[in-house]
Amino acid sequence: MRIGMAEVKSLSPGKQIWIRLKANRAAVTSMGLIALLILMVLFAPWLSPFNGEDIDYEAIAAEPSLTSGHLFGTDSLGRDLFVRTMEGSRISLAIGLVATLVSLIIGINYGAIAGYFGGRVDAVMMRIVDILYAMPFMFFVILLMVFFGRNIFLIFFAIGAINWLDIARIVRGQTLAIKQQSYVEAARIYGASHWHIIQRHIVPNLLGIVVVYITLTIPQVILVESFLSFLGLGIQEPMTSLGALVSEGANEMESYSWTLIFPAVFLSIILFCFNFIGDGLRDALDPKQVK
Amino acid sequence: MLEYFFRRLLGAIPTIFIIILVSFFLIRLAPGGPFDFDKTLAPEIQANLDAKFHLDEPVYVQFGYYLKDILQGDFGPSFQYKNYTVTELIAQGFPVSVQLGLSAMALALLLGSAAGILAAYRQNSKFDYGVMTISMLGISVPNFVMAPILILIFAIVFSFLPAGGWNDGAFQNRILPIVTLALPQIAYIARISRGSMIEVLRSPFIRTAFSKGLPTFYILTRHALKPTLLPVISYMGPAIAGIITGSVVVEQIYGIPGLGRYFVQGALNRDYTLVMGVVVFYGVFIILLNLIVDLLYGWLDPQIRLQARKT
Amino acid sequence: MCEGLGLNDLMPCGKQATMTFTKSALIERLDNETKNMSPLTKQILQLISLCAYILLSSANSHAADVLAPTQVLHRGNGSEPQSLDPHKSEGVPSANIQKDLYEGLVCESPSGELVPGVASSWSVDEKNMRYLFTLRKNAKWSNGDPVTAEDFVYSWRRIVDPKTGSYYAQTLAPVLNAEDIIKGTKKVTSLGIRAIGKYQLEVRLKGPTPYFIGLLTHSSTYPVHKASVEKHGDRFARVGNLIGNGAFALKEWSIQSHILLERNPHYWDNKNTKLDKVYYYPIEDQSSELKRYRAGEIDIVEGIPISQMPWLRKNLKQELRLTPYLGIYYFGYNVTQPPFKDNKKLRQALSMVIDRKVLTEKILRTGELPAYSWVPPNVTNYQHVEYEWKAWPMSRRIKYAKELIKQAGYGKGKPLSVEIRYNTSENHKKIAIVVASMWKKHLGVKTKLHNEEWKVFLANRKTKKHTQVFRSGWIADYNDAFSFAELLHSNHGVNDSGYSNPEYDALLAQSAKEADVDKRRKLLQQAEKILLNDYPVIPIYYYMSKHLVKPYVGGYKDNAMDHHYSKHLYIKAH
């Protein structure tokens, strides 16, 4: 409707969220950085003449230098640090993603079922969540890693199993709210199955929350893995993760500071960026946060 | 209120039982027993030790023995430190860990909320971005990296503080461990209190107070503080769990005789009884603390208080 | 034998050549001797003595070490000892502390020579099977009780008694009937030890055992205080209960924090003990230990992270103590399972291709010596046998190995897939990585690295079901070739290779009965040769003990067994 001024266009919720997000400078910079980092991490090792396993006996614990080709220097076994940092970043990101997905799958399904069915089912399921909240999970993870060996799949599963409680609670809350909506009632009247309703109506509405959760959980997972590496319980050789690199570097920091600095910088950047993106997303999705 | 407290307490019992059950079976399932060392034991000696600790009986029978003992407060002898019982070890280690943990928590609460609140008040200023970035550092630099750096700076380059050891709790020995433990929590609390304060500052009743012309400091402390701190309080539960986890690393690096260290050593040495003791102990501790946090939250949040009064 | 060692009764255990005295000790002595004089005379005498002290100390400043006013030593000690009961503990950390709390029949000098301990002298009969020990009459427990021969009888019976559950009962295996008692087939009282009067001890052996005296420095042979054990049972080894006969007594034990020992004034040689207090700190994290050393909180470092070696060599060279240590680091083959069962050529090929020189010089950089034999050098009365291909250039070794591996059935078309198993440690990890890369480069072997935590690792090694190549190490319990040779006897409890060669076993049994030193050496060398040619293990390097010692710690001497008794140590004025 023309009022003699610019047309007032009504924007879709998705667009609104995007605009709000773009306004958050930190989040935008972080997204850019992460994209850059992922590209680098995936492709840069091919540019280097070295691989992360070969031992260069002549350059044991060598300082970074452009002439020798060891951009980040070498570690105390003469392995090129640049390639190892890239490989470590890959594994850390992978663990972050997969473990988060594991906890997502468990959490969403659990929360959705509890919220949807309500009543006794909900009460019992949430009771179990309460019990699990009180368990010192980290201890169980440590016990699992100590006893059953350092299998990468076990790491995915163990770390994933720590985090699903939060998302389950959130999803349950959301499900309860959505369940009351009229369109869901309508679907029930039309004879849609429970499963269909959960899949088609409830889950898509959770998208925003899930995305925020993913971006905020990935850094947590990466930190948990680095904690396990510090205790000697993380990724097995020859694979390496940023956590393992950082904890090795911390030990050698006085003699060979670059073995700590480079992996630590990458680790910090990844954690920083995901946190800023997650914060930005959360602010953008929350309609109350109008500046 | 009291009824709520007791109901929660009662509800905690099945939780504790499950913690005991799961840890017990987990640790039994693991390969490698507590008596495996470099030198093999003569089979007769091995048999004697097994009988003494009921290790030759079926697992559920062992569990029964264990439950009976626990209910009498006897966590058994440590398999690794043969002259000490688990109760003695926990009694030695727990006060140390608690002191460190509570001090770190207090420091984190103080600094974190102060930083967050001030940052929220000056939202989007350089101060705000500065505080948030520094607090991000606390989250992004793992404590096992922060600790050696702190030791290097404060104990070796500038010899202000000791590089490690507990020294029976001497003040200067506590500083670095407490700071290392507190740093990540300061960051989380700063973020939460900032976000919460921003919301509170927008709320109608605060805007009213400002428009009435009340002094800023008065508004911040009398009106805004309580609602701001509510989310911080509900974060206390996970915060405590985080500090307990962090203490494992901090105790290891600084050489502090606390429970976290016992746990890791116990797991590595298959010291069944010690690990069980620590896990059960921490479980109960976390439950009790969560209960206190819930009560605190309930007392602070007027909505819940009203609810309680109604029922 | 005492005469053989060139010692006499007057020399207390481990006396130093340098003159050392403290002001306080001097004044104490003065007080004693001037007790009956008039006060004035006393004061004049004290003044004169103090002047003399000052003159002497400045004159002999390089010959005599001036002691610091506080004699307190801080030692790093690796992991927390599980027990201070000599019959129930195992591992170096416990042994270190027990050397200060107790004393056995025989002791060691700072440089590692055997000297009298509780026993002031001993003799042996012509057949080398019956020892007679004469105990000194002034040896006392820390509560003043005298140490008698009966204490040793009681203690040795306790350690072999199956009810005690000791890991080190085998140490006393040479003693008559010991093994049967351990098995439970004979009574404890039949052990070949008896007290003749209060101060004479007779020990009868199963066979001539030339290293028997050296064995008596091992902590499992230390005496325990009978009345304490009977009163407190297993809890006797705690603060307040522990009564020992060593130079120090247990004052505090705060688990995972520190153990404090204080001077034991009843110790028979107390006047030569200079330290008043010793702190032991259980610090496993080696880089934390290093930091505390640099901050001046610890005086002796127990273990050094190898990655810091170059930095240490550059910056703390004077304080670094590197000594050959009687131990061997090796990879064992599980010869009871494929691919290594009955495949000597394969085992030989893999062993030859490892460039031990590069490993020790470029990776470890601590001065460890590459190992091409089973018994390390510097073992008394022994000259080890080495692989002949030690002297070949690497290229020749690689060529030969390539041939061997082809004959063994592997090669380009059929590459070998093998697993190296090791326990969690940065150093083990590094070595495994390097070995794997050498195998890959020269022989195309695909190696999987499998890291396990210590307990699991030990259990799996023992069962011999899952292991192929595993990392291992062996430190001598006593300074004799047999300590290494017996490890690969088919019945030995730690023979995780499963190596079994009746010819080898027979030679070992023969050497145990041989009294002549030369003949015995030849038998053991023969056995070593057989062992090496069977390739059940891959010797990698001989251990070096690595410590950092502050320049103001006196009396510390490097020795092959890495034994450092606190009673020899003191703090110089600094």
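Residues numbered from 1 in each chain as written. Chains lettered and ligands numbered in written order. Predicted model: local features only at pLDDT ≥ 70, side-chain atom pairs only at ≥ 80, totals over all residues. Heavy atoms only, no water.

Peer 1: Account for the overall build of chain C, with residues named and values stated.
Peer 2: Looking only at helices and strands, chain C features 18 helices and 21 strands. Looking at the 574 residues of chain C, the share that counts as buried comes to 59%. When contacts within chain C are restricted to residue pairs at least 6 apart in sequence, long-range pairs at least 24 apart make up 69% of them. Surface exposure of chain C reaches about 23200 Å², of which carbon and sulfur atoms provide 53%. (Helix = DSSP H or I, 4+ residues; strand = E, 2+ residues; numbered from the N terminus. Buried < 20%, exposed > 50% of the residue type's maximum accessible area, 1.4 Å probe, protein only. Contact = heavy atoms within 4.5 Å. Areas by Shrake-Rupley, 256 points an atom, 1.4 Å probe, with all protein chains shown as cover.)

Peer 1: Describe the overall build of chain A, naming the residues involved and giving the relevant values.
Peer 2: A tally of helices and strands in chain A yields 11 helices and zero strands. When the helices and strands of chain A are listed from N to C terminus, the series reads α-α-α-α-α-α-α-α-α-α-α. For the C-alpha atoms alone, the extent of chain A along its principal axes is close to 75 × 65 × 30 Å. Restricting to contacts in chain A with at least 6 residues of sequence separation, those with at least 24 account for 71%. For chain A, the exposed area adds up to about 13400 Å²; of that, 66% sits on carbon and sulfur atoms. Across chain A, 20 positive and 21 negative side-chain charges occur, with their mean positions spaced 20 Å apart. (Lys, Arg positive; Asp, Glu negative; His and termini not counted. Charge placed at Lys NZ, Arg CZ, Asp CG, Glu CD.)

Peer 1: Kindly report on the interface of chain B and chain C, identifying the contributing residues and their values.
Peer 2: Contacts between the two partners involve 47 residues from chain B and, on the opposite side, 46 residues from chain C. Where chain B abuts chain C, roughly 4200 Å² becomes buried across the two surfaces, and 53% of that area is made up of carbon and sulfur atoms. In this structure, E284(C) engages R261(B) in a salt bridge whose closest nitrogen and oxygen atoms are separated by 3.8 Å. Viewed at the interface, chain C and chain B are joined by 10 residue pairs in polar contact (both at pLDDT 80 or more). The set of elements that each furnish at least two residues to the side of chain B that touches chain C consists of α2 (43-52), α4 (86-121), α6 (143-157), α9 (216-254) and α10 (259-269) of chain B. Tallied by class, the residues present in the side of chain B that touches chain C amount to 24 nonpolar, 13 polar and 10 charged. (Buried area = accessible area lost by both parts, 1.4 Å probe. Salt bridge = Lys/Arg side-chain N within 4 Å of Asp/Glu carboxyl O. Polar contact = N/O pair within 3.5 Å; in protein donor to acceptor, adjacent residues only side chain to side chain. Nonpolar A, V, L, I, M, F, W, Y, C, P; charged D, E, K, R; others polar.)

Peer 1: For the sheet that holds strand β9 (residues 200-204) of chain C, give the residues involved together with the corresponding values.
Peer 2: Residue and element names in this part refer to chain C. Read across the sheet, four strands follow the order β6-β7-β9-β8 without closing on themselves; strand pairing throughout is antiparallel. Looking along the sheet, the strands with just one partner apiece sit at the ends: β6 (119-124) and β8 (193-195). Across the sheet, the mean angle from the axis of one strand to that of its neighbour is 20°, orientation sign disregarded. (Pairing = 2+ DSSP bridges. Axes fitted to C-alpha atoms, helices over the stretch in contact; angles between N-to-C directions.)

Peer 1: Account for the packing of α4(B) against helix α5 (residues 126-140) of chain B, naming residues and giving values.
Peer 2: Residue and element names in this part refer to chain B. Two numbers describe how α4 lies on α5: the axes approach to 8 Å, and their chain directions differ by 150°. Where α4 crosses over α5, the handedness of that crossing is left-handed. Contact residues: α4 offers A115, L118 and A119, while α5 offers F127, D128, V131 and M132. Of the residues belonging to the contact of α4 with α5, the class tally is six nonpolar, no polar and one charged. (Left-handed = near helix turned anticlockwise from the far one by under 90°.)

Peer 1: Help me get a handle on the interface of chain A and chain B, residues and values and all.
Peer 2: Of the residues lining the interface, 40 residues belong to chain A; the matching set on chain B comes to 48 residues. A combined buried area of about 3800 Å² lies between chain A and chain B, and 78% of that area is made up of carbon and sulfur atoms. Ranking the residues of chain A by area buried against chain B places F139(A), F147(A) and F230(A) at the top, with a combined share of 18%. In this assembly, chain A and chain B are joined by zero salt bridges.

Peer 1: Hey, could you go over the pattern of salt bridges for me, with residue numbers and the actual values?
Peer 2: Residues and elements named next belong to chain C. Overall, the coordinates contain 29 salt bridges over all chains when judged by the stated rule. One salt bridge in this structure joins R263 and D276, with 3.0 Å as the shortest N-O distance. Residue R263 is found in strand β11 (residues 258-263), and its partner D276 is found in the loop between β11 and β12 (277-281); the two are separated by 13 residues along the sequence. Exposure remark for D276: the relative accessible area of 35% places this residue in the partly exposed category. In this structure, D518 and R521 form a salt bridge, with 2.9 Å as the shortest nitrogen-oxygen distance. In this pair, D518 and R521 are both assigned in helix α18 (residues 517-534), three residues apart and thus about one turn of the helix distant. Classification of D518 as partly exposed rests on a relative accessible area of 41%. Judged by its relative accessible area of 25%, R521 is partly exposed. Overlapping salt bridges, with partners in common, bring together R130, R194, E202 and R204 in one network.

Peer 1: Could you give me a rundown of the nonpolar core, with the residues and numbers involved?
Peer 2: Among the nonpolar cores identified, the biggest contains 297 residues, and L105(C), F133(C), W156(C), F212(C), W374(C) and W439(C) are the most heavily contacted of them. Ranked by the residues each element gives to this core, the list is headed by α9(B), at 14 residues. If sequence neighbours within four positions are ignored, L105(C) has contacts with P116(C), G117(C), V118(C), A119(C), W122(C), F133(C), L135(C), F152(C), W156(C), L201(C) and L216(C). Membership of the second largest hydrophobic core comes to 11 residues, among which are I198(B), L201(B), I206(B) and L220(B). (Core = buried A, V, L, I, M, F, W, Y, C linked by side-chain atoms within 4.5 Å.)

Peer 1: Account for a nonpolar patch on the surface, naming residues and giving values.
Peer 2: A contiguous nonpolar patch, built from I38(A), L39(A), L42(A), F43(A) and W46(A) and spanning about 560 Å² of accessible area, is present on the exposed surface. Structurally, L39(A) is set in helix α2 (residues 25-47). (Patch = residues over 30% accessible without salt bridge, like charges linked within 9 Å, V, L, I, M, F, W, Y side chains within 5 Å.)

Peer 1: Would you mind going over helix α4 (residues 119-133) of chain A in detail, with residue names and values included?
Peer 2: When the terminal C-alpha atoms of α4(A) are compared, their 21 Å separation across 15 residues agrees well with the 21 Å that a helix rising 1.5 Å per residue should span. Among all positions of α4(A), only D122(A), M125(A), M126(A), V129(A), I131(A) and L132(A) are buried. (Expected span 1.5 Å × (residues − 1).)

Peer 1: So what's going on with the environment of I192(B)? Residues and values would help.
Peer 2: Mapping I192(B) onto the fold places it in helix α7 (residues 171-202). Residue contacts for I192(B): discarding those within four places in its chain leaves P231(B), V232(B) and Y235(B).

Peer 1: Give me the lowdown on unusual backbone geometry, citing residues and values where you can.
Peer 2: Note: most residues except glycine have negative phi, and most peptide bonds are trans. Residue and element names in this part refer to chain C. For the peptide bond that leads from P338 to P339, omega is 5°, which places it in the cis range. Following the sequence through the fold, P339 ends up in the loop between β14 (320-333) and α11 (344-352). Unlike most non-glycine residues, K464 shows phi in positive territory, near 60°. Among the structural elements, K464 can be located in the loop between α15 (454-463) and β18 (469-475).

Peer 1: Explain the confidence of the model for chain C residue by residue, including any values.
Peer 2: Residue and element names in this part refer to chain C. Per-residue confidence for chain C gives a mean pLDDT of 85; residues scoring 70 or more make up 89%. In this model, residues 1-26 is a region of pLDDT below 50 whose contacts with residues beyond four sequence positions or in other chains number 48 contacts. For residues 57-63, every residue scores under 50 in pLDDT, and the model assigns this stretch four contacts once sequence neighbours within four places are set aside. Listed scores for the predicted complex are pTM 0.80 and ipTM 0.77. (pLDDT = per-residue confidence, 0-100.)

Peer 1: Go over the side chain of K99(C) with me, naming the residues and quoting the values.
Peer 2: Residue and element names in this part refer to chain C. With respect to the helices and strands, the residue K99 is situated in helix α4 (residues 92-101). One buried charged residue, K99, forms no salt bridge at all, with the nearest opposite charge on E108 at 5.7 Å. Those residues in contact with K99 that lie beyond four places of it in its chain are Y222, H563 and Y565.

Peer 1: Go over the confidence of the model for chain A with me, naming the residues and quoting the values.
Peer 2: Any residue range with low pLDDT should be treated as having predicted coordinates unsuitable for detailed reading. Put simply, chain A has an average pLDDT of 80, and 90% of its residues get 70 or more. By mean pLDDT, helix α8 (residues 194-205) of chain A is the weakest element of chain A at 70, and helix α3 (residues 81-117) of chain A is the strongest at 88.

Peer 1: Pulling in residues and values, what's your account of the packing of aromatic side chains?
Peer 2: All chains considered together, the criterion is met by 34 aromatic pairs over all chains. Measuring from ring centre to ring centre gives 6.0 Å for Y211(C) and F482(C), while their planes differ by 15°; the resulting arrangement is stacked. Here Y211(C), found in the loop between β9 and α7 (212-215), pairs with F482(C), found in helix α16 (residues 482-485); they are 271 residues apart in sequence, far enough to count as distant. The exposure classification of Y211(C) matches that of F482(C), with both residues buried. Three or more aromatic residues link up through ring pairs in this structure, and these residues are F72(A), F82(A), F262(A) and F266(A). Across from the ring centre of W268(C), 3.6 Å away, lies the NZ or CZ of R136(C), which sits over that ring. Its end group placed over the ring of Y281(C), R292(C) keeps NZ or CZ at 5.5 Å from the ring centre. (Phe/Tyr/Trp six-rings, centres within 6.5 Å; stacked < 30°, edge-to-face > 60°. Lys NZ or Arg CZ within 6 Å of the ring centre and 35° of its normal.)

Peer 1: I'd like to hear about helix α14 (residues 426-443) of chain C, residue by residue, with values.
Peer 2: Over its 18 residues, α14(C) runs 26 Å from end to end, which matches the ideal 26 Å to within 8%, given 1.5 Å per residue. Looking one or two residues beyond α14(C), the residue adopting positive phi is G444(C), at roughly 65°.

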